[in-house]
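Now for the letters of each chain:
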Protein chains: 2
Amino acid sequence: MQRYKAIVSYDGSTFSGYQIQPKARTVQGELERALGMMHKSEEVKVTASGRTDAGVHARGQVIHFDSPLQLPPERWLKALNGLLPADIAVVEIDSVPSDFHARFDVTGKTYKYFLYKSKVREPFKRNYATHFPYDLDVELVRAATSYLLGAHDFTSFCSAKTDTDNRIRTIYKIEVVENENEVVFSFTGNGFLYNMVRILVGTLLDVGIGKITPQQVESIVNGRDRALAGKTAPAQGLYLWEVFYD
Amino acid sequence: MQRYKAIVSYDGSTFSGYQIQPKARTVQGELERALGMMHKSEEVKVTASGRTDAGVHARGQVIHFDSPLQLPPERWLKALNGLLPADIAVVEIDSVPSDFHARFDVTGKTYKYFLYKSKVREPFKRNYATHFPYDLDVELVRAATSYLLGAHDFTSFCSAKTDTDNRIRTIYKIEVVENENEVVFSFTGNGFLYNMVRILVGTLLDVGIGKITPQQVESIVNGRDRALAGKTAPAQGLYLWEVFYD
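Residues numbered from 1 in each chain as written. Chains lettered and ligands numbered in written order. Predicted model: local features only at pLDDT ≥ 70, side-chain atom pairs only at ≥ 80, totals over all residues. Heavy atoms only, no water.

On to the environment of Val8 of chain B, then. Residue and element names in this part refer to chain B. Within the secondary structure, Val8 is located in strand β1 (residues 2-10). Taking relative accessible area as the criterion, Val8 reaches 0% and is therefore assigned buried. Taking the C-alpha atoms as reference, Val8 lies 20 Å from Ala129; in sequence the two are 121 residues apart. Dropping the residues within four chain positions of it, Val8 is found in contact with Leu31, Ala58, Arg59, Gly60, Gln61, Ile63, Ile88, Ala89 and Val90. (Helix = DSSP H or I, 4+ residues; strand = E, 2+ residues; numbered from the N terminus. Buried < 20%, exposed > 50% of the residue type's maximum accessible area, 1.4 Å probe, protein only. Contact = heavy atoms within 4.5 Å.)

Okay, structure coming up:
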């Protein structure tokens, strides 16, 4: 058996999330179906760096799987992309040592969140960015990000459904870039809790419209209470952008 | 009654085209449904600059309709965009003289066609541009466009289904712009026959890959036979970009 590592891009708009579920269209389900077809319907289990929710996109999701097939990357790409639906593509694939693990070996991830500012909503962006028709003070947002950098208990910024006890995560870098009518948030950290990026964005938007001050973000972090933070920003603006390994 | 002119943008991906049809989801159907809701379910007929096919997009479709309501543009936009589905938006609306006609008064139109070049197809572009994994010589394509400019009988470049006798149209301008991995064709003319832009693109792509020479385009025009021209390029790359009036 050979272990393979693949980078996968998908448009999450019409998936019920990454993780396989009975009777729902999922990214994992489609990947395993395509791999099954390449392996005479033998089941091939796929392990990802982590899940993504319904409507959330990926530019650089990473998966691993094992196969008896020894094919060069070009042939894997051609075969898999021929079998996968149009809203998933395998972008890169390589053979890796058999102890590589797409989830356990992650050293960091970058998520991006896209907003577009316009008075009238835009049909072409509806699934790919969040419409934000309010004035946003990007300098205030940037000032607030300083309270989020580094290692913190992010209990205030994760869904009540989070079943992890250890809620300490380290954020290495946050960027907020404004181009014309678009604002892009970029978060790089060693890991993110359930809904964490979307709640971080929802809270930073509260800062950007002046509902709370940048300094209040510090007390929201320290309060360790989901009720203190802002709303969970909608799924369609979120992209799993890159996953890092050593 | 007041006549209104509106600019409408729509993502054609999940519409069975612009024109209303029983039991199909159409742009006209959704516009008339939203207007009906604003007029206590009285029917409001919408007239567009022309139809677009299933999967074809519009950035600047123009429509007119008559209404007893006298509302300022801001209120029309808010009301209509609140009632329309997320894949249609009214971008601009203005009251116009009652003799304005969205179809008969058209003096020209611009269509754009988007291609993206990459080895692996891209999930986020699948509905919005056509994947073209071959080498394309843009200079050859540009050389070929010179045979299309001006007034010609475009019988070779329209679907057999075209029911117009007069197939003479004037193309004022053709641009072919290459940015990174994207190629955008732009056609401006006084009018376009059924499938004309898509057949023009299909033929220009044959030039760009060296299947035919730029000069052969001249004989294709002169031959007035659909069988001489290239394939009809796929719908998803095509956008009705702008409609002109005096």
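For residues other than glycine, phi is negative in most cases, and the peptide bonds are mostly trans. Residues and elements named next belong to chain A. In the Ramachandran plot, Lys23 falls in the positive-phi region, its phi being about 65° despite a non-glycine side chain. Its location among the elements puts Lys23 in the loop between β1 (2-10) and α1 (27-38). In this structure Lys23 comes out as exposed when scored by relative accessible area, which is 91%. The phi angle at Arg224 is positive, at roughly 45°, despite the residue not being glycine. Looking at the element boundaries, Arg224 is found in the loop between α5 (214-223) and β10 (238-245). When its relative accessible area of 53% is taken as the criterion, Arg224 is described as exposed.

As a further point, take helix α2 (residues 73-83) of chain B. Residues and elements named next belong to chain B. Of all the positions in α2, only Trp76, Leu77, Leu80 and Asn81 are classed as buried. For α2, the angular spread of the buried residues around the axis is 110°, confining them to a single face. Those residues of α2 that are exposed and aimed more than 90 degrees away from the buried face are Arg75, Lys78 and Gly82. On its buried face, α2 is in contact with β1, α1 (27-38), β3 (57-67) and β4 (88-96). (Arc of directions from axis to C-beta.)

It is worth spelling out the packing of aromatic side chains at this point. Residues and elements named next belong to chain B. Applying the stated criterion across every chain, the model contains 29 aromatic pairs over all chains. Both rings, one in Phe65 and one in Trp76, keep their centres 5.4 Å apart while their planes meet at 65°; by these two values the pair is edge-to-face. Here Phe65, found in strand β3, pairs with Trp76, found in helix α2; they are 11 residues apart in sequence, far enough to count as distant. Judged by relative accessible area, which is 1%, Trp76 ranks as buried. (Phe/Tyr/Trp six-rings, centres within 6.5 Å; stacked < 30°, edge-to-face > 60°.)

The next subject is the UniProt feature "domain: Pseudouridine synthase I TruA alpha/beta" (unreviewed entry) in chain A. Residues and elements named next belong to chain A. Residues annotated by UniProt as "domain: Pseudouridine synthase I TruA alpha/beta" (unreviewed entry) correspond here to residues 6-105 and 144-246. Here residues 6-105 is 23% helix and 27% strand, with 14 Å between the C-alpha atoms at its ends. Taken end to end, residues 144-246 is 24% helix and 31% strand, and its two terminal C-alpha atoms sit 30 Å from one another. (UniProt positions renumbered as here; feature names shortened; annotations may be inferred.)

Overlaying chain A on chain B yields an RMSD of 0.0 Å, the required transformation being a rotation through 180° with an accompanying axial translation of 0.0 Å. On this basis, the relationship between the two copies can be described by a two-fold rotation axis. In terms of proximity to the rotation axis, the leading residue of chain A is Phe124 of chain A, whose C-alpha is 5.6 Å off the axis. (Least-squares fit on C-alpha atoms with pLDDT ≥ 70 in both.)

The next subject is the nonpolar core. Counting residues in hydrophobic clusters, the biggest one holds 72 residues, and the most contacted among them are Phe157 and Phe185 of chain B. Looking at this core element by element, the count peaks at 8 residues for helix α4 (residues 196-208) of chain B. Residue contributions to this core reach at least three from each of two domains, namely domain 1 (2-96) and domain 2 (108-244) of chain B. Not counting residues within four places of it along the chain, the set of residues in contact with Phe157 of chain B comprises Leu148, Tyr194, Asn195, Met196, Ile199, Leu200, Thr203, Ile220, Val221 and Ala229 of chain B. Formed by 71 residues, the second largest nonpolar core is a distinct cluster that contains Val62, Val90, Ile212 and Ala229 of chain A. (Core = buried A, V, L, I, M, F, W, Y, C linked by side-chain atoms within 4.5 Å. Domains from an automatic or database assignment.)

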